[in-house]
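Single-letter residue listing:
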Amino acid sequence: MPIRSIALPLSLALILCAAMAALASAAAPPHLPGPDSCFACMGASDPLACHRVAVTLAARQDYDRAIAIEEQVRDLRPRNPEVASALARMYYAGHQDAARAIALYHEALHDVSGYPPALLGLGTIMDERGEVEIASRYYARAARENPDVAVFKVRLADTLMRSGREAEARPLLSEIVDRWPGSQEADAARKLMAHTALAKP
């Protein structure tokens, strides 16, 4: 879902000024608004540019400012799964706020059923919280709805093995190795296959 241009409120413009000043010392990607002056920030009118600034700040672990910007982008452009999922990642990575992240991922799924980043994020959170069976269900749905994305099959096979369902995992691992040879997912699948071989009586 594209993010159309819309006038930004003063509060978001001021946050962008501060964020862009922090980015000024580094080589900013050409798609980011120029950080030369607050006037440029005030004149910004593209929420997509603000979203990119937030993602860049999050990549640099400047989560507080990233979240502040992305929350206002979400207010300006609701029902955008990319923004909701990015904001969920920021809350979980920066604040370990699983409840907020889960709510945002579900919001993304409500906007676009089966949205891959949301399913991956939910599976990851559940897995890290020890809810392996729930994580497995998210990965299974993701693999079913995105059959050409290898990472979902790897995650699913891993959770199946850890829940004692090696027989269900083996065909997935073989498929990954056959369909995506030389990939990181194939390497991960081979390692898991070695464990299944060791587990055989």
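Provided above is the structure to which this section pertains.
Residues numbered from 1 in each chain as written. Predicted model: local features only at pLDDT ≥ 70, side-chain atom pairs only at ≥ 80, totals over all residues. Heavy atoms only, no water.

S.K.: Explanation requested: the pattern of salt bridges in the structure shown.
M.R.: One pass over the full model with this rule turns up 14 salt bridges. The salt bridge involving Glu107 is made with Arg74; its shortest N-O contact spans 2.8 Å. In this pair, Glu107 sits in helix α6 (residues 98–111) while Arg74 sits in helix α4 (residues 63–76), placing the two residues 33 residues apart along the sequence. On the basis of relative accessibility, which here comes to 22%, the residue Glu107 falls in the partly exposed class. Put simply, Arg165 and Glu133 hold a salt bridge, and the shortest N to O gap is 3.3 Å. Residue Arg165 is located in the loop between α9 (150–162) and α10 (166–179), and its partner Glu133 is located in helix α8 (residues 132–145); the two are separated by 32 residues in the primary sequence. (Salt bridge = Lys/Arg side-chain N within 4 Å of Asp/Glu carboxyl O. Helix = DSSP H or I, 4+ residues; strand = E, 2+ residues; numbered from the N terminus. Buried < 20%, exposed > 50% of the residue type's maximum accessible area, 1.4 Å probe, protein only.)

S.K.: Help me understand the packing of α4 against helix α5 (residues 81–95) in this model?
M.R.: Relative placement of two packed helices is described by the angle separating their axes and the distance separating the axes. One can describe the packing of α4 onto α5 by two numbers: an axis separation of 10 Å at closest approach and a directional angle of 155°. Judged by the angle between their axes, α4 and α5 are roughly antiparallel. The two elements α4 and α5 meet at a crossing, and its hand is left-handed. Contact residues: Tyr63, Asp64, Ala66, Ile67, Glu70, Glu71, Val73 and Arg74 in α4; Val83, Ala86, Leu87, Met90, Tyr91, Ala93, Gly94 and His95 in α5. (Axes fitted to C-alpha atoms, helices over the stretch in contact; angles between N-to-C directions. Parallel < 35°, antiparallel > 145°, perpendicular 65-115°, else oblique. Left-handed = near helix turned anticlockwise from the far one by under 90°. Contact = heavy atoms within 4.5 Å.)

S.K.: What should I look at first to understand helix α7 (residues 116–128) in this one?
M.R.: Three or four residues apart is the spacing at which side chains of an α-helix point the same way, because the helix has 3.6 residues per turn. The first and last C-alpha atoms of α7 sit 18 Å apart over 13 residues, in line with the 18 Å expected at 1.5 Å per residue. Buried residues along α7 sit in contact with α5, α6, α8 and α9. Positive phi shows up at Gly130, right after α7, with a value of about 85°. (Expected span 1.5 Å × (residues − 1).)

S.K.: Teacher, can you tell me more about the packing of α5 against α6 here?
M.R.: Packing of α5 against α6 leaves a shortest axis separation of 8 Å and a crossing angle of 165°. When the axes of α5 and α6 are compared, the pair comes out roughly antiparallel. At the point where α5 passes α6, the crossing takes the left-handed sense. In this structure, α5 uses Pro81, Ala84, Ser85, Leu87, Ala88, Arg89, Tyr91 and Tyr92 to contact α6, whose residues at the interface are Ala98, Arg100, Ala101, Leu104, Tyr105, Glu107, Ala108 and Asp111. Here the residues of the contact of α5 with α6 are counted per class, giving 11 nonpolar, 1 polar and 4 charged. (Nonpolar A, V, L, I, M, F, W, Y, C, P; charged D, E, K, R; others polar.)

S.K.: Can you walk me through the nonpolar core in this structure?
M.R.: A general feature of soluble globular proteins is that nonpolar side chains tend to end up buried together. Formed by 51 residues in total, the largest nonpolar core has its most connected members in Ile69, Met90, Tyr105 and Ile125. Considering every element that reaches this core, the biggest residue donor is α5, with 8 residues. The residues touching Tyr105, leaving out its near neighbours within four places in the chain, are Ser85, Ala88, Arg89, Pro117, Ala118, Gly121, Leu122 and Ile125. (Core = buried A, V, L, I, M, F, W, Y, C linked by side-chain atoms within 4.5 Å.)

S.K.: Is there a simple way to think about the side chain of Thr159 in this case?
M.R.: Positionally, Thr159 belongs in helix α9. Aside from chain neighbours lying at most four places away, what touches Thr159 is Asp127, Val132, Ala135, Ser136 and Tyr139.

S.K.: Would you explain unusual backbone geometry in this entry?
M.R.: If a residue is not glycine, its phi is most likely negative; likewise, a peptide bond is most likely trans. Phi is positive for Gln61, which is not a glycine, with a value near 65°. Checked against the element boundaries, Gln61 lands in the loop between α3 (47–59) and α4. Its identity is not glycine, yet Arg79 carries a phi of approximately 60°, on the positive side. Counting through the fold element by element, Arg79 comes out in the loop between α4 and α5. Overall, Arg79 belongs to the partly exposed group, its relative accessible area being 47%.

By themselves, these figures tell us nothing about what the structure is for.
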